[in-house]
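Observations on chain architecture
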Amino acid sequence: MKTLGEIASYVGGEIFGDPSVPIERVVHPALAQGDSDLALILSPSATSFLTLGRVKNAILPVEVGAVPTPNRIVVTRPRLVLARLLELFERPVYVAPGIHPTAVIDPSASVGKNVSIGPFCWIGPKSRVGDRVRMVCHVSVGAEAAIGEDTLLHACVCVGDRCKIGNRVIVQSNASIGADGFAYVTPEPGSIESARATGAITSFNQQLIRINSIGNVVIEDDVEIGANTCIDRGTLGETRLCQSAKLDNLVQVAHNVSVGKNCLIVAQVGLGGSSKVGDRAVMGGQAGLPDHLKVGDDALVQAQAGISKNVPERAIVIGSPAVPNRQFLEREFRLKRLPRLTAELKELQAQVAALTERVNSLLPRSSE
Amino acid sequence: MKTLGEIASYVGGEIFGDPSVPIERVVHPALAQGDSDLALILSPSATSFLTLGRVKNAILPVEVGAVPTPNRIVVTRPRLVLARLLELFERPVYVAPGIHPTAVIDPSASVGKNVSIGPFCWIGPKSRVGDRVRMVCHVSVGAEAAIGEDTLLHACVCVGDRCKIGNRVIVQSNASIGADGFAYVTPEPGSIESARATGAITSFNQQLIRINSIGNVVIEDDVEIGANTCIDRGTLGETRLCQSAKLDNLVQVAHNVSVGKNCLIVAQVGLGGSSKVGDRAVMGGQAGLPDHLKVGDDALVQAQAGISKNVPERAIVIGSPAVPNRQFLEREFRLKRLPRLTAELKELQAQVAALTERVNSLLPRSSE
Amino acid sequence: MKTLGEIASYVGGEIFGDPSVPIERVVHPALAQGDSDLALILSPSATSFLTLGRVKNAILPVEVGAVPTPNRIVVTRPRLVLARLLELFERPVYVAPGIHPTAVIDPSASVGKNVSIGPFCWIGPKSRVGDRVRMVCHVSVGAEAAIGEDTLLHACVCVGDRCKIGNRVIVQSNASIGADGFAYVTPEPGSIESARATGAITSFNQQLIRINSIGNVVIEDDVEIGANTCIDRGTLGETRLCQSAKLDNLVQVAHNVSVGKNCLIVAQVGLGGSSKVGDRAVMGGQAGLPDHLKVGDDALVQAQAGISKNVPERAIVIGSPAVPNRQFLEREFRLKRLPRLTAELKELQAQVAALTERVNSLLPRSSE
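Keep in mind the model is a prediction, meaning the values are calculated, not measured. (Residues numbered from 1 in each chain as written. Chains lettered and ligands numbered in written order. Predicted model: local features only at pLDDT ≥ 70, side-chain atom pairs only at ≥ 80, totals over all residues. Heavy atoms only, no water.)

**Description of the relation of the copies chain C and chain A**
- Between chain C and chain A, the superposition needs a rotation of 120° and an axial shift of 0.1 Å, giving an RMSD of 0.1 Å. Each copy turns onto its partner about a three-fold axis. (Least-squares fit on C-alpha atoms with pLDDT ≥ 70 in both.)

In structure tokens, the structure reads:
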């Protein structure tokens, strides 16, 4: 347990009131109950709960101003403080230490020290699992795979043969790492090639030949992967998630993709085969990056954007097909003014008609 | 087995023919074979199968009119009748009664009466499982979780620590309940903040600090959750699905979200962090609701809509960015008329040019 | 191991250099190391790696021209050659032959010859599993289901009761086959019906009645299904994937859907209830097909398209709402010209104003 003073010191805030109060829980202000609850206020609107008098200890941004709470910590950048607080008050997932008796570990696999491997996990031949790895339950690690130290695999995570996962990686439940790529070829040029070449469908996919995936997935240190997210293996080489990339739930990462360092890939994004996302790029929810295209370093792709050409570094793009944000706003503005444009044209037509008639009435046509 | 007369009575239909016929199966008219098959006709187009003579018993809407089937039940609102019929003829998922010998139940967990817990299920410490709960196989329930009575968890459902699921809830296979929220913060303002403030990327995500999720998921009674759908746990508090909300497959529900009563959330919808969906709202497939935004009670969000501001109650919105349906139709109309607008402008330009020339030829400019 | 000459013969290429070289691996040119590596070059840009001198053997398209590699195979249609090569060098998923001791097979199930059924698989009552079927681990096959010969089910695949899977089918990890359809009805007409009838929400979904799904899923021979993809069972009848249809990851296939032969359905596509995709149709990533609509044979639906009416055969559609590609391009062209249109209108307004003034100054109005 920490005291309020220790917490203030840890998060870098200024304390008002009694620093010796022991804190057991960090809670939303609506849920604060006892003397050992610390209510976290992220925005001014949340202060409405303070008037109820149940909040004895609060942590709040300096912008909020005076509050009636007996003890408080005043901070700047509250979202960062939230992160720090939840390091202190983290509630790690339950996995019993050691290897559960139902887990199956191939005799040729190696498992590090102080691991926690839960019920019904399976580790295949020649795979290596690092020290302090945690696997919650129903995790599978195929043959010749490697899991780095301190990595956490939640329930039902599937790691395919030969995939390599770094240190301190977190993979949420039901994620699929190392499924085969989606790659086929028609013996003769098929409908997609005909559409690209001519803009019409003049040849047909009478036969689809599978392109096997013999590559793997490489996940570097500190990457996080969301629930039910899929990372397909490379065709010949690798699909790679670079250091500290963060992927949300239900994301699709196709074969041969490379995702840069510190990327943020929000839920339901789709990254097509051999596409590339630069370092520190951000892709909003449900955005799509087609095969072979690139998103540059530090670019920001808005939610639902449909990329149709390479996105330069530091660009902000939006829409489907995606365009730079200023172009998008300009187009939206133009579209909103379409009724006015139409009205102005109509008005001008009337003016011209009237003027023409006037000129006609006063100036007989020379041919007349 | 029910007789045709009992069925007519149960669904509230009018019977023509022999009410004593025993019915074994309800089938699509194309599949009707024997004297004990009841063919369900939902629309006039399905009557084409009746002429084959294989349909002895049919249930059909009054709009269809006369059909040559010996026995029939005539109904109104056939889709409701379908629901009633399939209550009678439900084929529940197979799970053997009792606890399968391979299931692992922590000694500190409590399990109710008459449960059916299939192969390879795991129930963690201090969790409580209610009476008549069914878990098909490979289900995991973490520590200190609660599963209400009569709830059904299909294969590979993962329920995280401390999550609470109500009574009569149905969760389809591979759903992830209680994964960590997707939440990070940069020590200094990063690219997203710079984009919001200035419309350009002038600061960079050099470091991403994780915000742990210590909250949980609360699922109220009669909720249904689709296959491979993800419900992340709250950051501090809860992510809540209110009574009787229905979520389809592959839906993303981020941390701190609240989904109202009786909502219908169609497949592949994404609900961003701390967003809120009102009671009885409907969200079409692949629609997206960004962080912190709200959809009002009874609103209807069309498929693929990309919401960019709060949706009022009872509104119908469509498009990305989403706008009210009437505004969308107006814009579509304007866009379709753009070629005509262009042509009219061109025509007017020609008229003005001709008129100007005429005026010029007849009225020499004063400066000339 | 194959020699270079045997490989040239198998893929139909012309060999230059020593045909007797034994080849152990096919690699990306960047990864070529030893004398037994064969570097596969798919495009001219990949030839930059050849100058490093580490590539002793290359296979490359005729368009690339001369390269400094000692031994080479020159081919046409390199993507087809890639497929052929990876047939030769396939690295099949690891599953030990036989039935793993932890697998649970119901005594009433039947299992064919030479199967490989991995750890923690469960096969339910009366199900039939064909010869040479492979199940990696944590696979579940419910009651009365059927799995054809040579079919491969990866980790955590869930196959529901009564579903039928053909021969040589491949299902990637965490796929859900046979979940219940998403189907509800309100006792009285609800909000969706009111929106359709009137364009406004005037009635409300006070109660949602579940429509049970008693049908199944039928998957024909040579179909492939991606990771975390969901195929819901039919309401009364079947959901069917026809021969050789290929579905990528995270695809939603709702109840009663029919997907034609040789279709390519890219990641995150959503197919609504009772929709139909014709033979050889292609649907790009994240595209959506609403309930009851149809995509014709050989049609090409671009990524993120939102279909709003039936797509004719051989059509190419794009956008949300989706329109034919030529119409889309025309509209994009018009939108890009909107600023010019506005400027031209403004210019014309000025001309007309000037002309009017001139006419006014020279020709006093008759009323004046």
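Okay, back to it.
**Structural notes on the environment of Ala66 of chain C**
- Relative to the helices and strands, Ala66 of chain C resides in the loop between strand E6 (57-61) and strand E7 (71-75).
- Linking Ala66 of chain C and Val136 of chain C, residues 70 residues apart in sequence, is a C-alpha distance of 45 Å. (Helix = DSSP H or I, 4+ residues; strand = E, 2+ residues; numbered from the N terminus.)

**Some words on the interface of chain A and chain B**
- Contacts between the two partners involve 78 residues from chain A and, on the opposite side, 85 residues from chain B.
- Taken together, both faces of the contact between chain A and chain B bury some 6,400 Å²; the carbon and sulfur share is 62%.
- One salt bridge in this structure joins Glu224 of chain A and Arg210 of chain B, with 2.9 Å as the shortest N-O distance.
- Counting every contact that joins chain A to chain B gives 38 residue pairs in polar contact (both at pLDDT 80 or more).
- No other element matches the 12 residues that helix H5 (residues 338-362) of chain A contributes to the side of chain A that touches chain B.
- Its residues assigned to classes, the side of chain A that touches chain B comprises 42 nonpolar, 20 polar and 16 charged. (Contact = heavy atoms within 4.5 Å. Buried area = accessible area lost by both parts, 1.4 Å probe. Salt bridge = Lys/Arg side-chain N within 4 Å of Asp/Glu carboxyl O. Polar contact = N/O pair within 3.5 Å; in protein donor to acceptor, adjacent residues only side chain to side chain. Nonpolar A, V, L, I, M, F, W, Y, C, P; charged D, E, K, R; others polar.)

**Remarks on the sheet that holds strand E6 (residues 57-61) of chain B**
All names here are of chain B.
- Read across the open sheet, the 5 strands follow the order E2-E7-E6-E5-E4; overall the sheet is mixed. Across the chains shown, the open sheet's two edge strands, defined by having one partner strand only, are strand E2 (14-16) and strand E4 (25-27). Within the sheet, the average angular offset between the axes of one strand and its neighbour, ignoring direction, is 25°.
- Pairing between E4 and strand E5 (residues 37-40): 3 bridges, direction parallel. Paired with Val26 across the strands is Leu38, a residue of E5.
- Each of E2, E5, E6 and strand E7 (71-75) touches helix H1 (residues 4-11); the most contacted strand, E7, lies at about 5° to it. (Pairing = 2+ DSSP bridges. Axes fitted to C-alpha atoms, helices over the stretch in contact; angles between N-to-C directions.)

**Quick word on the side chain of Ser140 of chain B**
- By the element assignment, Ser140 of chain B lies in strand E15 (residues 140-141).
- If we ignore the near neighbours within four places in the chain, the residues touching Ser140 of chain B are Cys137, His138 and Ala155 of chain A together with Trp122, Val157, Cys158 and Val159 of chain B.

**Focus: the interface of chain C and chain A**
- The interface of chain C with chain A comprises 78 residues on the first partner and 85 residues on the second.
- When the area that chain C buries against chain A is broken down by residue, the three leading residues are Arg77, Arg91 and Tyr94 of chain C, summing to 10%.
- If you look at where chain C meets chain A, you find 3 salt bridges.
- In this assembly, chain C and chain A are joined by 38 residue pairs in polar contact (both at pLDDT 80 or more).
- Only strand E4 (25-27), helix H2 (78-88), strand E28 (246-247), strand E31 (264-265), helix H4 (325-336) and helix H5 (338-362) of chain C provide two or more residues apiece to the side of chain C that touches chain A.
- With 12 residues, H5 of chain C is the single largest residue contributor to the side of chain C that touches chain A.
- Tallied by class, the residues present in the side of chain C that touches chain A amount to 42 nonpolar, 20 polar and 16 charged.

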